[in-house]
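# Examination of the molecular architecture
Here is how the chains run, residue by residue.
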Amino acid sequence: MSALREAFLDELKDLLDAELQLLKALPKMAEAAQNDGLRVAFQEHGGQTANQIKRLGQVFAAFEEPVRGKKCKGMKGLVEEAQELIEEDEGDAALIAAAQKAEHYEIAAYGTLMSWAIALGQDNVTQLLRETLEEEKATDKKLTVIAQTVVNTHDSLRDAEPKEAPTPRRKPKSRPSDSQTRKRRSTKRPSATRGKTKSGKAPRSKRLRSGKRK
Ligand code: FE
Ligand code: FE
């Protein structure tokens, strides 16, 4: 049990740092967002994240441990990637992808801590972690919905050619008749060409020969 408690506290410190990193990154992501809904979602999640950090403080208190973070390399990498996307002006779709990666990272971390809190018999801590976990999942779902809007309207895709996608979709609809006629033609063509070569070339040579002879 003491090993699990130690693992829990290590993970808790890591998660606190992850949340603090995301708290700093979210305003930058909100500023970079073109879509109004996305900007608001980032802003709202910034507020939620601040509250989640407070909850983590309560978890530390429940374990009678000082509130202390430990550098979270995972979130550092995810935030750096998001920063690169912003600098390269990759657009909203890319921004959402980066945000969802961060949310999934948090969902994994909170899910693990919640399981461990249950195992440690920490009911109050379990409830605190569950509240945050549900917020992270809701945020992830919200981002998925926004992503669908953003991608469909091509707001976010840099160098996007809106007419490129619909064209291949339309073709299959008109293809059945086209392909049917093509098949009919293609089946007719070989027999027609066969007929021409057989009935065309041979008689010509015979005619030429017979013509030369004459
Ligand atoms: Fe969070
Ligand atoms: Fe989050």
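Residues numbered from 1 in each chain as written. Chains lettered and ligands numbered in written order. Predicted model: local features only at pLDDT ≥ 70, side-chain atom pairs only at ≥ 80, totals over all residues.

## Here we look at the overall build of the protein chain
Scanning the protein chain from N- to C-terminus turns up six helices and zero strands. The contacts of the protein chain with a sequence gap of at least 6 include a subset with a gap of at least 24, amounting to 77%. (Helix = DSSP H or I, 4+ residues; strand = E, 2+ residues; numbered from the N terminus. Contact = placed C-beta atoms within 7 Å.)

## Some points on helix α3 (residues 73-87)
Given a rise of 1.5 Å per residue, 15 residues ought to cover 21 Å, and the 21 Å separating the end C-alpha atoms of α3 matches this to within 8%. Along α3, the residues that are buried comprise Met75, Leu78, Val79 and Ala82. Across the axial projection of α3, the buried residues extend over an arc of 95 degrees, all falling on one side. Turned more than 90 degrees off the buried face of α3, the exposed positions are Lys73, Gly77, Glu84 and Glu87. One or two positions beyond α3, positive phi appears at Asp89, with a value near 50 degrees. (Expected span 1.5 Å × (residues − 1). Buried ≥ 20, exposed ≤ 12 C-beta atoms within 10 Å, placed from the backbone. Arc of directions from axis to C-beta.)

## With respect to helix α5 (residues 123-153)
Taking 1.5 Å per residue, 31 residues should reach 45 Å; α5 reaches 45 Å between its end C-alpha atoms and fits that length. Every buried residue of α5 is accounted for by Val125, Leu128, Leu129, Thr132, Glu136, Thr139, Leu143, Ile146, Ala147 and Val150. Those residues of α5 hidden inside the fold are in contact with α2 (36-62) and α4 (92-119).

## Section: the nonpolar core
Formed by 40 residues in total, the largest nonpolar core has its most connected members in Met29, Leu95, Ile96 and Leu113. Secondary structure elements with two or more residues in this core: α1 (2-32), α2, α3, α4 and α5. For this core, the leading source of residues is α4, giving 12 residues. Residues contacting Met29, with those up to four places away along its chain left out, are Phe42, Ala82, Leu95 and Ala99. (Core = buried A, V, L, I, M, F, W, Y, C linked by C-beta atoms within 7 Å.)

## Brief notes about the environment of Met29
With respect to the helices, strands and loops of the structure, Met29 is situated in helix α1. Along the chain, Met29 and Leu95 lie 66 residues apart, while their C-alpha atoms are 7.3 Å from each other.

## Points about the environment of Glu135
Structurally, Glu135 is set in helix α5. Accessibility expressed as a C-beta count within 10 Å gives 19 for Glu135, which makes it partly exposed. Sequence-wise, Glu135 and Ile107 are 28 residues apart; in three dimensions their C-alpha atoms are separated by 9.3 Å. Once you skip the residues sitting within four places of it in the chain, Glu135 turns out to touch Gln48 and Gln52.

## Notes on unusual backbone geometry
Non-glycine residue Glu64 carries a positive phi angle of around 55 degrees. Mapped onto the elements, Glu64 comes out in the loop between α2 and α3. The backbone phi angle of Asp89 is positive, close to 50 degrees, even though this residue is not glycine. Structurally, the position occupied by Asp89 is in the loop between α3 and α4. Note on Asp89: 10 C-beta atoms within 10 Å, which makes it exposed.

## Remarks on the packing of α1 against α2
With their axes 9 Å apart at the nearest point, α1 and α2 run at an angle of 160 degrees to one another. Comparing their axes, α2 and α1 come out roughly antiparallel. Crossing hand, α1 versus α2: left-handed. Residues Leu12, Leu15, Leu16, Glu19, Leu20, Leu22, Leu23, Leu26, Pro27, Met29 and Ala30 of α1 touch α2, and the partners they reach there are Arg39, Phe42, Gln43, His45, Gly46, Thr49, Ala50, Gln52, Ile53, Leu56, Val59 and Phe60. When the residues that make up the contact of α1 with α2 are grouped by side-chain class, the tally is 16 nonpolar, five polar and two charged. (Axes fitted to C-alpha atoms, helices over the stretch in contact; angles between N-to-C directions. Parallel < 35°, antiparallel > 145°, perpendicular 65-115°, else oblique. Left-handed = near helix turned anticlockwise from the far one by under 90°. Nonpolar A, V, L, I, M, F, W, Y, C, P; charged D, E, K, R; others polar.)

## Focus on the environment of Thr126
Tracing the chain through its elements places Thr126 in helix α5. Judged by C-beta crowding, with 19 C-beta atoms within 10 Å, Thr126 ranks as partly exposed. Sequence separation between Thr126 and Tyr110 is 16 residues; the distance between their C-alpha atoms is 9.7 Å. Those residues within four positions of Thr126 in sequence are excluded, and the remaining contacts are Met114, Ala117 and Ile118.

From the geometry alone we can't say anything about function, so treat these as descriptive.
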